[in-house]
Amino acid sequence: VLAAAAALLLGLIAAFVREGFDERVRDPAEVESTLGRPILGFVPKTRALRRRNWTTPLPAEEADVFRTLRTNLWYALADESSRSVLVTSPGPMDGKSTIAWNLAAATTSVREKVLLIEADLRRPSIASGHDLGSSIGLSNVLTGQASSSEAIQSVPTWPGQLGAERYLLKLDVLAAGSPMPDSGELLDSVAMADLLSEVEQRYDFVVVDGPPASLIYDAVPLMTIVGATLVVVRPGSPERAALIQLRKQIATVDARLVGAVMNFSDRERRYYGYGLDSRPR
């Protein structure tokens, strides 16, 4: 009995010590206090969001999550002149590309012309996830090998409805394009700033899928030319120091941090008595 009690006591002490040294961020309130901005959406982990064929329309429950994010983002921007947002994250594998794609897709139902730019040139995933052509894209436009009109592809996204007629909404996508050795320099160039200025005149809204902000420099110049930056956080993934550094970096370049998205979250299911069904589909 004494040995069992001692083992239990040591286990509790070890757990408290481990918790004390664990710097990973899990709580939404901690994310808000660390970044100093609100959480604009909670995205669950579901089978529909894990699949690679992102052009397949989402089930109604998952689609509503991104419609809520879209609406909260528009109210947070509170400025019709803000026509672009950068989606980034503290580190890799946080699901920012999935968030960027579905945010852009959700926006097509309320904005006539929406463009998604894949600016993660080092580890692009959008073209492969949507069976898009990847030979011509952003890198080719920035190096003068192609025009933006030649590189932009139009793809179907979510179904819309006008009366009794159903149809697929369209989203324009500028994929990453051909691999380039100096991707960071390309994003931090006059050509990139000019391109964003050009497409902001042609589109109602532009979503930029950027690289992870805490790993490489590539995301920093993008923060300075977009209307706002949206940070995707995966609970238990980033350390508090990484979020603090990201907030400081955004402030250093005088960029606008509009808010955060909690990805792989179970808050939706815990908060509502209805809505997302966690059973396999």
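The structure reproduced in this document is the subject of the present report. Quick caveat, the model's predicted, so the values are computed rather than measured.

1. Digging into the overall build of the protein
And then number 1: Helix and strand content of the protein: 13 helices and eight strands.
And then number 2: Classification of the 281 residues of the protein by burial places 48% in the buried group.
And then number 3: Pairs at least 24 residues apart make up 76% of the contacts formed inside the protein by residues separated by at least 6 positions.
And then number 4: Of the accessible surface of the protein, which amounts to about 13,800 Å², a share of 53% is contributed by carbon and sulfur atoms.

2. Brief notes about the packing of aromatic side chains
And then number 1: Counted by the stated rule, this structure contains one aromatic pair.
And then number 2: A ring pair is formed by Trp74 and Phe205, whose centres lie 4.7 Å apart and whose planes are at 50°; its orientation type is tilted. Of this pair, Trp74 sits in helix H4 (residues 60–77) while Phe205 is found in strand E6 (residues 205–209), placing the two residues 131 residues apart along the sequence. Like Trp74, the residue Phe205 is buried in the burial classification.
And then number 3: Of note, Arg111 hangs over the ring of Trp74, and the distance from its end group to the ring centre comes to 4.0 Å.
And then number 4: In this structure, Arg234 packs its charged tip against the face of Phe264, placed 4.1 Å from the ring centre.

3. Re the pattern of salt bridges
And then number 1: This structure, assessed with the given rule, holds six salt bridges.
And then number 2: With a closest N to O distance of 3.0 Å, Arg67 and Asp64 form a salt bridge. A residue pair is termed a helical-turn pair when its members lie 3 or 4 positions apart in one helix, as Arg67 and Asp64 do in helix H4 at three residues.
And then number 3: Given a relative accessible area of 30%, Arg67 falls into the partly exposed group.
And then number 4: Taking relative accessible area as the criterion, Asp64 reaches 41% and is therefore assigned partly exposed.
And then number 5: Here Asp209 makes a salt bridge to Lys96, at a shortest N to O gap of 3.1 Å. Placement of the pair is Asp209 in strand E6 and Lys96 in helix H5 (residues 96–107), with a sequence separation of 113 residues.
And then number 6: Salt bridges sharing common partners tie together Lys96, Asp120 and Asp209.

4. Comments concerning the environment of Ala76
And then number 1: Mapped onto the elements of the fold, Ala76 is located in helix H4.
And then number 2: Judged by its relative accessible area of 23%, Ala76 is partly exposed.
And then number 3: Residues Ala76 and Leu40 lie 36 residues apart in sequence; the distance between their C-alpha atoms is 8.3 Å.
And then number 4: With sequence-adjacent residues up to four places away left out, Ala76 is seen in contact with Leu40, Arg256 and Val258.

5. A word on unusual backbone geometry
And then number 1: Notably, Met93 is not glycine yet its phi reads approximately 65°, a positive angle.
And then number 2: By secondary structure assignment, the location of Met93 is in the loop between strand E2 (84–88) and H5.
And then number 3: Backbone geometry places Phe264, a non-glycine residue, at a positive phi of 55°.
And then number 4: Inspection of the secondary structure puts Phe264 in the loop between strand E8 (257–262) and helix H13 (267–271).

6. Notes on the nonpolar core
And then number 1: Counting residues in hydrophobic clusters, the biggest one holds 40 residues, and the most contacted among them are Ile117, Leu138, Leu174 and Val208.
And then number 2: In this structure Leu138 touches Ile117, Glu118, Ala119, Leu121, Leu174, Ala175, Ala176, Gly177, Leu187, Met192 and Leu195, once residues within four positions along its chain are discounted.
And then number 3: In this structure, Val65, Trp74, Ala106 and Leu116 belong to the second largest nonpolar core, which totals 36 residues.

7. Section: the environment of Thr46
And then number 1: Structurally, Thr46 can be placed in the loop between strand E1 (39–42) and helix H3 (47–50).
And then number 2: Along the primary structure Thr46 and Ser265 are separated by 219 residues, whereas in three dimensions their C-alpha atoms are 9.9 Å apart.
And then number 3: Engagement of the side chain of Thr46 in a polar contact is seen with the side chain of Glu62, the distance being 3.1 Å.

8. Structural notes on helix H12 (residues 240–252)
In an α-helix, one turn spans 3.6 residues, which is why side chains three or four residues apart end up on the same side.
And then number 1: When the terminal C-alpha atoms of H12 are compared, their 18 Å separation across 13 residues agrees well with the 18 Å that a helix rising 1.5 Å per residue should span.
And then number 2: Restricting attention to buried positions, one finds in H12 the residues Leu243, Leu246 and Ile250. Across the axial projection of H12, the buried residues extend over an arc of 60°, all falling on one side. Exposed residues on H12 whose side chains face more than 90 degrees from its buried face are Ala241, Ala251 and Thr252.

9. Quick word on the side chain of Thr88
And then number 1: Looking at the element boundaries, Thr88 is found in strand E2.
And then number 2: The buried category is assigned to Thr88, whose relative accessible area is 0%.
And then number 3: Engagement of the side chain of Thr88 in a polar contact is seen with the backbone nitrogen of Ala213, the distance being 3.3 Å.
And then number 4: Once residues lying within four places of it in the same chain are set aside, the contact partners of Thr88 are Lys96, Pro211, Pro212, Ala213, Ala219, Thr229, Leu230, Val231 and Val232.

How each quantity is defined
Residues numbered from 1 in each chain as written. Predicted model: local features only at pLDDT ≥ 70, side-chain atom pairs only at ≥ 80, totals over all residues. Heavy atoms only, no water. Helix = DSSP H or I, 4+ residues; strand = E, 2+ residues; numbered from the N terminus. Buried < 20%, exposed > 50% of the residue type's maximum accessible area, 1.4 Å probe, protein only. Contact = heavy atoms within 4.5 Å. Areas by Shrake-Rupley, 256 points an atom, 1.4 Å probe, with all protein chains shown as cover. Phe/Tyr/Trp six-rings, centres within 6.5 Å; stacked < 30°, edge-to-face > 60°. Lys NZ or Arg CZ within 6 Å of the ring centre and 35° of its normal. Salt bridge = Lys/Arg side-chain N within 4 Å of Asp/Glu carboxyl O. Core = buried A, V, L, I, M, F, W, Y, C linked by side-chain atoms within 4.5 Å. Polar contact = N/O pair within 3.5 Å; in protein donor to acceptor, adjacent residues only side chain to side chain. Expected span 1.5 Å × (residues − 1). Arc of directions from axis to C-beta.

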